[in-house]
2 protein chains.
Amino acid sequence: MHMYFCHAQASQRQKAAAPTQPDPDDPLREQYGDTPLVQSRTQSGEKYYQISELSPELSGQKVLLRGRVHNVRGKGKSCFLVLRQQTGTVQAVLFVDDKTVSRGMVKYTSAIPKESIVDISGEVHVPQEPVAGCTCSQVELKAMSVKCVSRAAPLPFELADASRKEEDLQREDAQFATVTQDTRLENRWIDLRTPVNQAIFRVQSAVCQLFREALLAEGFQEIHTPKLIAGASEGGASVFRLDYMGREGCLAQSPQFYKQMAICSDMARVFELGPVFRAEKSFTHRHLCEFTGLDLEMTINEHYNEVLDVLDRLFVYMFDGIKSRCAAEVKAIQEQFPSEPLAYLPKTLRIPFEEGMRLLQEAGFEPDPLGDLTTELERNLGKIMKEKYNTDFYILYRYPLAVRPFYTMPDPEDARYSNSFDVFIRGEEIISGAQRVHDAALLTERAQVHEIPLESIQSYINAFKFGAPPHGGFGVGLERVVMLFCGLDNIRKTSLFPRDPKRLTP
Amino acid sequence: MHMYFCHAQASQRQKAAAPTQPDPDDPLREQYGDTPLVQSRTQSGEKYYQISELSPELSGQKVLLRGRVHNVRGKGKSCFLVLRQQTGTVQAVLFVDDKTVSRGMVKYTSAIPKESIVDISGEVHVPQEPVAGCTCSQVELKAMSVKCVSRAAPLPFELADASRKEEDLQREDAQFATVTQDTRLENRWIDLRTPVNQAIFRVQSAVCQLFREALLAEGFQEIHTPKLIAGASEGGASVFRLDYMGREGCLAQSPQFYKQMAICSDMARVFELGPVFRAEKSFTHRHLCEFTGLDLEMTINEHYNEVLDVLDRLFVYMFDGIKSRCAAEVKAIQEQFPSEPLAYLPKTLRIPFEEGMRLLQEAGFEPDPLGDLTTELERNLGKIMKEKYNTDFYILYRYPLAVRPFYTMPDPEDARYSNSFDVFIRGEEIISGAQRVHDAALLTERAQVHEIPLESIQSYINAFKFGAPPHGGFGVGLERVVMLFCGLDNIRKTSLFPRDPKRLTP
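Here is what the cut-offs are and how they apply
- Residues numbered from 1 in each chain as written.
- Chains lettered and ligands numbered in written order.
- Predicted model: local features only at pLDDT ≥ 70, side-chain atom pairs only at ≥ 80, totals over all residues.
- Heavy atoms only, no water.
- UniProt positions renumbered as here; feature names shortened; annotations may be inferred.
- Helix = DSSP H or I, 4+ residues; strand = E, 2+ residues; numbered from the N terminus.
- Contact = heavy atoms within 4.5 Å.
- Polar contact = N/O pair within 3.5 Å; in protein donor to acceptor, adjacent residues only side chain to side chain.
- Phe/Tyr/Trp six-rings, centres within 6.5 Å; stacked < 30°, edge-to-face > 60°.
- Buried < 20%, exposed > 50% of the residue type's maximum accessible area, 1.4 Å probe, protein only.
- Lys NZ or Arg CZ within 6 Å of the ring centre and 35° of its normal.
- Least-squares fit on C-alpha atoms with pLDDT ≥ 70 in both.
- Buried area = accessible area lost by both parts, 1.4 Å probe.
- Salt bridge = Lys/Arg side-chain N within 4 Å of Asp/Glu carboxyl O.
- Nonpolar A, V, L, I, M, F, W, Y, C, P; charged D, E, K, R; others polar.
- Pairing = 2+ DSSP bridges.
- Axes fitted to C-alpha atoms, helices over the stretch in contact; angles between N-to-C directions.
- Domains from an automatic or database assignment.
- pLDDT = per-residue confidence, 0-100.

Per an unreviewed UniProt entry, chain A is named aspartate--tRNA ligase, and its organism is Coccomyxa subellipsoidea. The UniProt entry for chain A carries the following text under Catalytic activity (unreviewed entry): "tRNA(Asp) + L-aspartate + ATP = L-aspartyl-tRNA(Asp) + AMP + diphosphate". Reading the Subcellular location (unreviewed entry) entry of the UniProt record for chain A gives the comment "Cytoplasm".

(A) Looking closely at the environment of E428 of chain A. All names here are of chain A. The residue E428 is located in strand 16 (residues 428–435) in this model. Each C-alpha atom, one on E428 and one on D439, is 32 Å from the other, the two residues being eleven residues apart in sequence. The residues contacting E428, other than those within four sequence positions of it, are H285, R286, R379, V423, M483 and L484. A distance of 3.0 Å separates the side chain of E428 from the side chain of H285, its partner in a polar contact.

(B) Structural context of the packing of aromatic side chains. All chains considered together, the criterion is met by 38 aromatic pairs over all chains. For the pair F240 of chain A and Y244 of chain B, a centre-to-centre distance of 5.4 Å together with 10° between the ring planes defines the contact as stacked. In this pair, F240 of chain A sits in the loop between strand 8 (228–229) and strand 9 (241–244) while Y244 of chain B sits in strand 9 (residues 241–244), so the two residues belong to two different chains. Centre to centre, the rings of Y304 of chain B and F421 of chain B are 6.3 Å apart; their planes meet at 5°, and the pair counts as stacked. Taken together, the residues Y304 of chain B in the loop between strand 12 (290–299) and helix 9 (305–325) and F421 of chain B in strand 15 (residues 420–425) connect sequence positions 117 residues apart. A relative accessible area of 0% means that F421 of chain B is categorised as buried. One aromatic cluster is present, built from ring pairs that chain together F257, F406, Y407, Y460 and F464 of chain A. Sitting above the plane of the Y399 of chain A ring, R404 of chain A keeps its charged end 4.5 Å from the centroid.

(C) Up close: the side chain of N197 of chain A. Residue and element names in this part refer to chain A. Examined against the element boundaries, N197 turns out to sit in helix 7 (residues 195–217). Note on N197: relative accessible area 5%, which makes it buried. Setting aside its immediate chain neighbours within four residues, N197 contacts R188, D191, L192 and K493.

(D) Highlighting the relation of the copies chain A and chain B. Mapping chain A onto chain B calls for a rotation angle of 180° and an axial translation of 0.0 Å; the resulting RMSD is 0.0 Å. What the superposition gives is, in effect, a two-fold axis relating one chain to the other. Proximity to the rotation axis, assessed at the C-alpha, singles out L242 of chain A in chain A; its C-alpha lies 2.4 Å from the axis. Of all interface residues in chain A, 100% are interface residues in chain B too; the two copies therefore contact each other through one and the same surface.

(E) Expanded view of the interface of chain A and chain B. The partner chain B presents 130 residues to the 130 residues of chain A that form the contact. In total, chain A and chain B occlude about 10,700 Å² of area from one another, counting both sides; carbon and sulfur atoms represent 57% of this. Where chain A packs against chain B, one counts six salt bridges. Residues D266 of chain B and R84 of chain A are paired through a salt bridge, measuring 2.9 Å at the closest nitrogen-oxygen approach. One can count 70 residue pairs in polar contact (both at pLDDT 80 or more) joining chain A with chain B. Counting residues per element, the side of chain A that touches chain B draws most heavily on helix 7 of chain A, at nine residues. Among the residues forming the side of chain A that touches chain B, the class breakdown is 62 nonpolar, 34 polar and 34 charged.

(F) A look at the pattern of salt bridges. Residue and element names in this part refer to chain A. One pass over the full model with this rule turns up 82 salt bridges over all chains. As a salt-bridge pair, R68 and E115 come within 3.8 Å of each other at their nearest N and O atoms. Of the two residues, R68 is situated in strand 2 (residues 62–75) and E115 in the loop between helix 2 (103–110) and strand 5 (117–125); the sequence distance between them amounts to 47 residues. The exposure classification of R68 matches that of E115, with both residues buried.

(G) Structural context of the sheet that holds strand 11 (residues 269–277) of chain A. Residues and elements named next belong to chain A. The sheet built from eight strands is open, its strands ordered 7-11-12-17-16-15-14-13 with mixed pairing. Here the strands that pair on one side only, and so sit at the sheet edges, are strand 7 (221–222) and strand 13 (349–352). As defined by bridge partners, strand 14 (residues 393–397) adjoins strand 15 (residues 420–425) across five bridges and the pair is classed as antiparallel. Looking at strand 15, one finds that Y394 is bridged to F424. Against the sheet, helix 11 (residues 353–362) contacts strand 13 and strand 14, and its axis sits at roughly 85° relative to strand 13.

(H) Highlighting the sheet that holds strand 11 (residues 269–277) of chain B. All names here are of chain B. Here we have eight strands laid out as an open sheet, ordered 7-11-12-17-16-15-14-13, and mixed in their pairing. One side of each edge strand has no neighbouring strand; the edge strands of this open sheet are strand 7 (221–222) and strand 13 (349–352). Here strand 13 pairs with strand 14 (residues 393–397) via four bridges, running parallel. Bridged to I351 within strand 14 is L396. Of the strands in this sheet, strand 11, strand 12 and strand 17 (471–477) touch helix 8 (residues 256–264), which is tilted by about 25° from strand 12.

(I) Region of the structure containing the environment of Q204 of chain B. Inspection of the secondary structure puts Q204 of chain B in helix 7 (residues 195–217). Taking C-alpha positions, Q204 of chain B is 11 Å from T292 of chain B, a pair spaced 88 residues apart along the chain. Those residues in contact with Q204 of chain B, other than ones at most four positions away along the chain, are H224 of chain A together with L478, E479, V482 and T494 of chain B.

(J) The pairing of strand 5 (residues 117–125) of chain B, seen in detail. All names here are of chain B. Counted residue by residue, strand 5 has seven buried out of nine residues, so it is predominantly covered. The sheet contact formed by strand 5 and strand 6 (residues 140–150) spans nine bridges and is antiparallel. Within strand 6, the residue paired with V118 across the bridge is C148.

(K) Expanded view of the pairing of strand 5 of chain A. One ladder, built from seven bridges, connects strand 2 of chain A with strand 5 of chain A; its direction is antiparallel. For V63 of chain A, the partnering residue across the bridge sits in strand 5 of chain A and is G122 of chain A.

(L) Structural detail: the domain arrangement of chain A. Domain boundaries in chain A define domain 1 (29–150), domain 2 (159–192) and domain 3 (195–493). For domain 1 of chain A versus domain 2 of chain A, the separation of C-alpha centres amounts to 27 Å.

(M) Representation of the confidence of the model for chain A. All names here are of chain A. Put simply, chain A has an average pLDDT of 94, and 96% of its residues get 70 or more. Predicted confidence for residues 1–16 stays below pLDDT 50, and this span has 32 contacts to residues more than four positions away or in other chains. Interface confidence for the predicted complex, expressed as ipTM, amounts to 0.95; the pTM equals 0.95.

Take a look at the structure:
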């Protein structure tokens, strides 16, 4: 019978210069060497410890751990290996004594490449001095067995270089190797192992949980709307088109049409987390061709303030939640990329668009009172708001109608304006929302004003013909929330495998 | 200033033959008529009641409700209107007395089309007999004001017809209008309002929460992987291709490659809920071109049994959770579409593929011992298992290697088999999983055996070169879980807006 693992392991081993198997004459040869491929051969059920479980109470006890070789340093008869599990590290030490540790074992261990996966068993030991540079500083391991489970090839960059503080890199006398963003992204599976990246994606996961928790508590239900649709949902320019079984299909640029259809289907409050696709040739720090949308839509009784009330409670809950649940992660991010903590108010500030324009004018800018805000004006308004109200997070509402999508409800008093809003963090727009047009005739009229071909949105318009409740909602990009909450400078840092006009791999 | 709502409402009103505005000479004219477009004009903050809040304790109190006209019947000087909110219904009654209710008001109310959205305020009243046919049977409303918020156009089908029990429709003397699946799907925003559909999508939402709750409690973290990728992840035949900024891109057929890359990135346990795309020309009751994948991937210490242990706890938690949290929803589904409740064991049965083949042979079938199971054989094996072990839910493991994807770990003892499994509900496969190949050399070799062009999966293979932990995982389709848990006969019933080879709208 052909045994796959033998062949594969052998071919891999030939490449490595370092010893991968013990000296056959070594009496301690059972205690080190590469393991056969872990292939569900047996199941001993032996406990594998987490570094976080280790403490002086376990002193003298034998434990088994699997992790990566974060660092290894052999010096004659001794070897110091730092084992890493995610962001946790512990030191394992080997001293040749010919009873538990042989020369061959030290030689073998010293030559294991960084980032390889190893199984180490050893005795928990309390050192005289705390171990410097390891997260587990109170105990170390006296290694009794070192087995390599998966060898790493030469690394394209050192994790230490990818983990350096921005401030250190920018020092005049800095002599570190720099790791460019492209190199990181090309080798994302290594880049993601740095403490800051481990933290960022834990925060990202927490944001999703917080978003859903808050909304479920407010009576929302989760929906999943199609990403393959017949017509562009947010305008035709930035849509990915594809062949769908012989007809043209589009990738949804938002769940807009479908979350509104859910409202017309008597799902009174709905939310969705899912990918949205934008074929925009934007090379900014804040645009991606694919990102994760957090969207909600809800019926309103009278006023879109009801949506803003939900938004306000939701985001304050999320910000509070990140701070309390992800304190260690936020600290890790701050260490590499320092920024001011986000300032936000217990009740989010809401100011009319017109008032925002007035504040900008007072500060010497010349915004178009019925146009959209440029990125630069948004940033400056953010500074003004921070100074005036001490908040990085606020709502600007009643935008000019002309700059909003066709499905936006016009303002009842002045049709130059609309029942819409944007929300900003640190001077950057993250949320866009509005009351929507729920009247099929008005919706048709508005689509015509925007010169949208009616046949491409006919089923959307039809949805409002059979009794449609007044409603509103908003959408926000997960990656932007995480980027701006954490004060990061590029959205590629908060996307697991970012997609931009130049990047489709890995 | 141009007022949008006037124009739109007026044009809509012209179409309706029924009175939309009160008789100007009626002293009670303020109490009925169509409202102006709800446009965030004012915000009185008046409480809108939910039907579920109504009870005899509120007797004599005036309440305001918004809902749909489920049914309305005018008879001379009286009118009975059934108001619906999602699945709840309450009766509102009007009797002409010229003090609180006028002839004009009864005429107006009687003519409101079914499914229109109305605001009704009235006095809570305890009738002598419970109201038959309403979910709220203990009280009714003496309507004092009836205002139509959004008028429904003539309906393509009656909700009552779309809500009939299967058994009634199949009676020999049945004389009901039938609503075909296509008619339903073409008008999904109406179809989704039936009690059974309201229930199905509440169950679907609950399944998502239960899935995440169970996994978060087991130390998993949520990830979001790209749906736009460079190469087909599950074979080239059934992939949607598109132009990605001048190069060819694909829509991910699963998050397989990327959840494994997350494992290589030190995220030890990850899950994802997201859309997956299959360009398959399958017209079965169980295939969609887009569905919601529930996926997980986790490191293992020794054996893929560790994955099965997680799977077992997860699904028992989910099934228990649906039963306890969605009892009313499951009952509503059962009423229209009766089926046996799902039988499952506290600890899920696991049998080897070979044993499954033996059982089929014993029952007179002739399965290919190293081939895949046909849908019919799966169904028959399901029957055998149900009879033998009284379970509709079981795991079949150690599938032939040849029928599994190239990234599946071969069996260590016999390379004709693999470290893989499928899981079945009611004789239909819902879950597919395995230990994965974590060795880059073996992975390359396996891809070559499957004749997969290496250049299309190079970045995937590269991810395993820098130390890769042993790992495994599985994926399951949300729509299939809901369909099979609820004993439904077609996956289009559990997809909000289903996509199949013929359907891209609405």
